[in-house]
Amino acid sequence: MREGFLGTLRCPDCSGELRVSDRRARSGDDLVDGELTCIGCGRTYAVESRIPIFVERSSYADGFGWQWNRFQKLQRDSYNGTHIVRDTILRRSGWKPEDLRGKSLLECGCGSGNDTEVLSEMAGTVVSFDLSSAVESQRPEVLARDNVLVMRADINRIPVREESFDIVYCHRVIQHTPDPRRAFASMVRHLRPGGTFFLHSYDLHWKALLHYRYWLRPVTRHLPYPAVFRALTIVGPVLYPVVGLLQRAAFLRIPLKLLVPFSNHDRVLRKNGSSLTRRERYEYSVLITFDALTPRFDRPSSADTLASWFAEEGLVDFRVMHRSPAVVLGRKPLRPGDDAANRAGSRRRSAPRREVPRVAGIRDQGLLPQESLNVM
Ligand SMILES: C[S@@+](CC[C@H](N)C(=O)[O-])C[C@H]1O[C@@H](n2cnc3c(N)ncnc32)[C@H](O)[C@@H]1O
């Protein structure tokens, strides 16, 4: 971690400032291995391979660490030769790369950093964290970037200053927390007045709930990860080609999702110019299937529910960008007297707090290809 980020960090226990108390390995201002100590309560936090660790090593999210430390690279644009991650971020947010220029961005639940590598090419600074050991599978080149800090931390106790980020970004995470509403409130605290919130969730719609993960997960989430993985390697060679074949008929897609418990992203990867080998494309689908079956929590919400949370937290100008999956963007209002932009914001805030704008989703506008890789 670059020591320049110390000013942004706070103790998750007492919100005290942190100092470096051990510089076991460093390179210039880049702390590789060492220790941080809270000036307020004296608690210490290890820094390992540039990553400060603010949580216990094991949690309900261990499966994510397990899968991404096994399949580190497959989903990265920089490895698979596609722009799927970049395109998905820009399409769902409605941002252009220049909208992020010079902005400080807090990425909540970064996993193995598929989004981190893209966001850190566009934004001024990116602070990313995840509860699981998936952070250890982040690309070393990204971890070493001047403008990036990656941490292990809990979304309900984020170890950064309140109201300090221009953008808070949470993509495919909130449904995997035990209490999505609480996680949202926690993240909002770190958005600066005038800043933008990007929130994505799996959708709570009967069509989305038909996915095989919702009937298999109640069993598979209790199984040891190696057992699930082993089962997938047994059924995969049979189910993967069958799904690939049946996917060609559009009318079979919904029954397929429901009945055949295996994903196949082969066609989408090839369509997007993937440079992955045949074997890697198969492994990619094993990873997606494992990811669907093992999370301890999967609590989807509709876009309207997300929008109602934005209203309850006093965010303004919020828009439903997409309905399935649900994506909502909104803004934290400036404080009274800040500037003219605030006057516009205050007028909007006086609207009924429960009002949810029904904006046509991107899919409704025909901008999202039906067959997108990031269906989640
Ligand atoms: C489906 S993954 C999404 C990762 C990444 N955002 C992406 O789109 O590639 C969900 C992530 O949420 C993380 N997560 C779950 N609960 C969390 C919590 N309480 N605090 C931080 N991260 C959490 C998991 O560890 C996992 O990496």
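It should be noted that the structure appears before, not after, this text.
Residues numbered from 1 in each chain as written. Predicted model: local features only at pLDDT ≥ 70, side-chain atom pairs only at ≥ 80, totals over all residues.

**Q** Is there a simple way to think about the overall build of the chain in this case?
**A** What the chain contains, in helices and strands, is 14 helices and 11 strands. Counting only residues that meet the buried cut, the chain has 43% of its 376 residues in that class. Across the chain, every contact between residues at least 6 apart in sequence was considered, and the portion connecting residues at least 24 apart equals 64%. (Helix = DSSP H or I, 4+ residues; strand = E, 2+ residues; numbered from the N terminus. Buried ≥ 20, exposed ≤ 12 C-beta atoms within 10 Å, placed from the backbone. Contact = placed C-beta atoms within 7 Å.)

**Q** I tried to follow helix α13 (residues 303-312) on my own but got confused; where do I start?
**A** An α-helical turn contains 3.6 residues, so any two residues separated by three or four positions project in the same direction. Here α13 has its buried residues at Ala-303, Leu-306, Ala-307, Trp-309 and Phe-310. All buried residues of α13 fall inside an arc of 155 degrees around its axis, so they share one side. Contacts made by the buried residues of α13 are with α6 (180-188), β9 (191-201), β10 (316-322) and β11 (326-331). (Arc of directions from axis to C-beta.)

**Q** For this particular structure, what's the right way to read the nonpolar core?
**A** Nonpolar side chains in soluble globular proteins tend to end up buried together. Counting residues in each nonpolar core, the largest one holds 70 residues, and the members touching the most others are Leu-105, Cys-108, Val-168, Cys-170 and Val-328. When residues of this core are assigned to domains, at least three map to each of domain 1 (1-53) and domain 2 (57-376). Each residue touching Val-328, except ones within four places of it in the same chain, is listed here: Leu-199, Ala-303, Leu-306, Ala-307, Phe-310, Phe-318, Arg-319, Val-320 and Met-321. Judged by nonpolar contacts, the second largest core, of 14 residues, contains Leu-276, Ile-288, Phe-290 and Ala-292. (Core = buried A, V, L, I, M, F, W, Y, C linked by C-beta atoms within 7 Å. Domains from an automatic or database assignment.)

**Q** Help me understand the environment of Glu-48, please; the structure alone is not making it clear to me.
**A** Looking at the secondary structure, you find Glu-48 in strand β3 (residues 44-48). Residues Glu-48 and Leu-31, 17 residues apart in the sequence, show an inter-C-alpha distance of 8.8 Å. Beyond its immediate chain neighbours, meaning those up to four positions away, Glu-48 contacts Asp-33 and Ile-53.

**Q** What exactly am I supposed to notice about helix α4 (residues 114-122) here?
**A** The buried count for α4 comes to seven of nine residues, which makes it a mostly enclosed element. Those residues of α4 that fall on the buried side of the exposure criterion are Asn-114, Asp-115, Thr-116, Glu-117, Val-118, Leu-119 and Ser-120. Elements in contact with the buried residues of α4: α2 (77-80), α3 (84-93), β5 (104-108), β6 (125-130), α5 (140-143) and β7 (148-152).

**Q** Whenever I open this one, the pairing of β10 confuses me. Can you help?
**A** Within a regular strand, side chains alternate between the sheet's two faces. Of all the seven residues making up β10, five are buried; the element is thus mostly covered by neighbouring parts of the structure. Across four bridges, the pairing between β10 and β11 is antiparallel. Residue Val-320 lies in a different strand from β11, and its bridge partner there is Val-328. Here β10 folds back onto β11 in antiparallel fashion, the turn holding three residues. (Pairing = 2+ DSSP bridges.)

**Q** What am I meant to see in unusual backbone geometry here?
**A** Here the amide bond leading from Ser-324 into Pro-325 is cis, since omega sits at 5 degrees, within 30 degrees of zero. Topologically, Pro-325 is positioned in the loop between β10 and β11. Here the phi dihedral of Ser-49 falls at roughly 50 degrees; this positive angle occurs in a residue that is not glycine. On the secondary structure map, Ser-49 appears in the loop between β3 and β4 (51-52).

**Q** Please explain the sheet that holds β4 as it appears in this structure.
**A** By way of backbone hydrogen bonds, the strands of a sheet pair with one another, either parallel or antiparallel. Taken in spatial order, the four strands make up an open sheet running β1-β2-β3-β4, and their pairing is antiparallel. The sheet is open, and its two edges are formed by β1 (18-27) and β4, each paired on a single side.

**Q** Even after reading the chapter, I still don't get the sheet that holds β10, so can you show me in this structure?
**A** Taking strand neighbours across the sheet as the criterion, the seven strands line up as β7-β6-β5-β8-β9-β11-β10 in an open arrangement whose pairing is mixed. Here the strands that pair on one side only, and so sit at the sheet edges, are β7 and β10. The average undirected angle you get between the axes of adjacent strands in this sheet is 15 degrees. Pairing of β6 with β7 involves five bridges; the strand directions are parallel. Within β7, the position partnered with Val-126 by the bridge is Val-148. The sheet strands contacting α6 are β5, β8 (165-170) and β9, and the helix crosses β9 at an angle near 150 degrees. Sheet strands in contact with α13 are β9, β10 and β11, and its direction is about 20 degrees off that of β11. (Axes fitted to C-alpha atoms, helices over the stretch in contact; angles between N-to-C directions.)

**Q** Whenever I open this one, the pairing of β6 confuses me. Can you help?
**A** Burial of β6 is extensive: six of the six residues sit out of reach of the surface. Here β6 shows a buried face lined by Thr-125, Val-127 and Phe-129 and a second buried face lined by Val-126, Ser-128 and Asp-130. Pairing between β5 and β6: five bridges, direction parallel. Bridge assignment links Cys-108 to a residue of β6, and that residue is Phe-129. On the question of chirality, the crossover connecting β5 to the parallel β6 by way of α4 is right-handed. (Right-handed = clockwise from strand over helix to strand, strands pointing away.)

**Q** Looking at this structure, I do not really get the packing of α3 against α4. What am I missing?
**A** A pair of packed helices is characterised by two quantities: the angle between their axes and the separation of those axes. Relative orientation of the contacting elements α3 and α4 amounts to 70 degrees, with a least axis distance of 9 Å. The pairing of α3 with α4 is recorded here as roughly perpendicular in orientation. The chirality of how α3 crosses α4 is right-handed. On the side of α3, the interface is formed by Val-85, Arg-86 and Ile-89, while α4 contributes Asn-114, Asp-115 and Val-118. (Parallel < 35°, antiparallel > 145°, perpendicular 65-115°, else oblique. Left-handed = near helix turned anticlockwise from the far one by under 90°.)

**Q** Before we go on, may I ask you to explain the environment of Leu-210 in this structure?
**A** On the secondary structure map, Leu-210 appears in the loop between α7 (206-209) and α8 (212-220). For Leu-210 and Leu-258, which are 48 residues apart along the polypeptide, the C-alpha to C-alpha distance reads 5.2 Å.

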